[in-house]
Amino acid sequence: MFSFFKKKTVPDSTPTPPAAPVAPAADIVTAAPASVEPAPAAAVTTPPVTAAPASSVAPAKPSWTERLKSGLAKTRDKLGKQLAGLFGGGKIDEDLYEELEAVLLTSDMGMDATSHLLRDVRERVSLKGLKDASELKGALKEALVELIQPLEQPLQTHGKKPYVIMLAGVNGAGKTTSIGKLAKYFQSQGKSVLLAAGDTFRAAAREQLIAWGERNNVTVIAQQSGDAAAVCYDAMQAAMARGIDIVIADTAGRLPTQLHLMEEIKKVKRVIQKAIPDAPHEVVLVLDANIGQNAINQVVAFDQALGLTGLILTKLDGTAKGGVIAGIAKQHPVPLRFIGVGEGIDDLRPFSTRDFVDALFD
Ligand SMILES: Nc1nc2c(ncn2[C@@H]2O[C@H](COP(=O)(O)OP(=O)(O)O)[C@@H](O)[C@H]2O)c(=O)[nH]1
Ligand SMILES: [Mg+2]
């Protein structure tokens, strides 16, 4: 039996200030349990009436590059400081390479990526005849760019209507909050968005999405029943009927080791396919960067189950484990569509190798 939570309606006519994080996760205020809708599928709220209140109001706001830099501060502090020590001066010798290896390993790049980078750096050093440790930084930067560049493949949603994006991942990875951020991102490009509340395991999860949709004029398809596949099917039908551009389907968190739940999410995908034969067009695994090397195991397992087409790496701001991107690139590359460096609505952006590496080193 689900109870139907309602967000206490705070008079909220003004657009959310961009600085204030619209974190749908945290605070679903439980008011009086309101009427439970008998209808199996309930479309909540109406499609965006006007162009979504964009987030381009506050001029004093730090730029994305600045936020990326501060978001990566922990990784940079750890990696950068240690590297600065290495690059400080002196000769390039075996001791230096050994130290470099140790530093890379502690930044969660993993053994494979670390060995690869070392080999690459050695080649660059001998090719260019570098002698001084201070020149090593450039070589490492280039090697890292080359390694992770293949992950930079921004999501292209044109050509399909609706373009269907399905999200998967463990609990707390940042799926639902990322959906909010993505919805804003697509709306700001003038696209209409519909959300499918496919996390049917917890009533609160559904309410989190519904509340967010209400605040932001985004249609959310939800159901009282506990069947994620059915919700997603309804969402596909609704999106086609309404000529929606982008559908984003939330799903319940699950561990790859929970086999029955992995079967359940495979079914969600199949049912989406039934509604729209070439959908979902994008199957994204949302990863919390804090898990470091374990992210690679998750990529492998979810890819096996669902056939991943993209990744979202969240919470880079809270961790020193940003090096895991290199590990993914080396061990099981899947396009890294977006990275998250904060809880604010604008803190999710397409992944750019250059920006990332620059923010890490400079
Ligand atoms: N600092 C930070 N927090 C984030 C980021 N992305 C998500 N979160 C937080 O992570 C928590 C779990 O997010 P949620 O979307 O509910 O996870 P889900 O279980 O995968 O749906 C929430 O408190 C979010 O605000 C991020 O990029 N940075
Ligand atoms: Mg969620």
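These figures come from a predicted structure and were not determined experimentally. (Residues numbered from 1 in each chain as written. Chains lettered and ligands numbered in written order. Predicted model: local features only at pLDDT ≥ 70, side-chain atom pairs only at ≥ 80, totals over all residues.)

Turning to the confidence of the model for the chain, a few remarks are in order. Looking at the chain, the pLDDT average stands at 83 and 83% of residues meet or exceed 70. Residue range residues 1-43 is modelled with pLDDT below 50. Its contacts to residues more than four positions away, or to other chains, number 68 contacts. Low pLDDT, under 50, characterises residues 45-58; the predicted model gives this stretch 32 contacts beyond four residues in sequence or across chains. (pLDDT = per-residue confidence, 0-100. Contact = placed C-beta atoms within 7 Å.)

With that settled, consider the nonpolar core. Counting 100 residues, the largest nonpolar core has Leu195, Cys232, Val247 and Ile248 as the members making the most contacts within it. Take this core: its biggest share by element is 8 residues, from helix α8 (residues 228-242). (Core = buried A, V, L, I, M, F, W, Y, C linked by C-beta atoms within 7 Å. Buried ≥ 20, exposed ≤ 12 C-beta atoms within 10 Å, placed from the backbone. Helix = DSSP H or I, 4+ residues; strand = E, 2+ residues; numbered from the N terminus.)

Another point: helix α2 (residues 73-87). Among the residues making up α2, those that are buried are Thr75, Arg76, Leu79, Gly80, Leu83, Leu86 and Phe87. Those residues of α2 hidden inside the fold are in contact with α3 (94-106), α5 (136-148) and α12 (353-361).

Now for the pairing of strand β6 (residues 282-288). Within β6, 7 of the 7 residues are buried, which leaves the element mostly enclosed by the surrounding structure. Side chains Glu282, Val284, Val286 and Asp288 of β6 all project onto a buried face; the interleaved residues Val283, Leu285 and Leu287 project onto the opposite face, where all are buried too. Looking at chain direction, strand β2 (residues 163-168) and β6 are connected through 4 bridges and run parallel. Within the sheet, the bridge partner assigned to Ala168 lies in β6 and is Leu285. Sheet analysis places β6 next to strand β7 (residues 310-314), joined by 5 bridges and oriented parallel. What sits directly across from Val286, in β7, is Ile312. Between the parallel elements β6 and β7, the chain passes through helix α10 (residues 294-306) in a crossover that is right-handed. (Pairing = 2+ DSSP bridges. Right-handed = clockwise from strand over helix to strand, strands pointing away.)

Further remarks concern α8. Compared with an ideal rise of 1.5 Å per residue, which puts 15 residues at 21 Å, α8 spans 21 Å between its outermost C-alpha atoms and is within 8% of the ideal. Among the residues of α8, Ala228, Ala229, Val231, Cys232, Tyr233, Asp234, Ala235, Met236 and Ala239 are the ones counted as buried. Positive backbone phi, at 65 degrees, marks Gly243, one or two positions downstream of α8. (Expected span 1.5 Å × (residues − 1).)

With that settled, the discussion passes to unusual backbone geometry. A cis amide bond links Lys161 with the next residue in sequence, Pro162, at an omega value of 0 degrees. In this structure, the amide linkage connecting Ala279 to the following residue, Pro280, adopts the cis form with an omega of -10 degrees. Within the chain, Asp108 stands out as a residue other than glycine whose phi angle is a positive 70 degrees. Residue placement: Asp108 occurs in the loop between α3 and α4 (110-128).

Let us look at the environment of Leu287. Residue position: Leu287 is located in strand β6. Taking C-alpha positions, Leu287 is 6.1 Å from Ile312, a pair spaced 25 residues apart along the chain. Those residues within four positions of Leu287 in sequence are excluded, and the remaining contacts are Gly169, Ala173, Ala295, Gln298, Leu311, Ile312, Leu313 and Thr314.

Attention now goes to the pairing of β7. With 5 of its 5 residues buried, β7 lies for the most part within the structure. Of the two faces of β7, the one lined by Gly310, Ile312 and Thr314 and the one lined by Leu311 and Leu313 are each fully buried. Strand direction decides the pairing type here: β7 and strand β8 (residues 336-340), joined by 3 bridges, are parallel. Residue pairing for β8: Leu313 is matched across the bridge by Ile339. As for the winding sense of the linkage, the β-α-β connection from β7 through helix α11 (residues 324-331) to β8 is right-handed.

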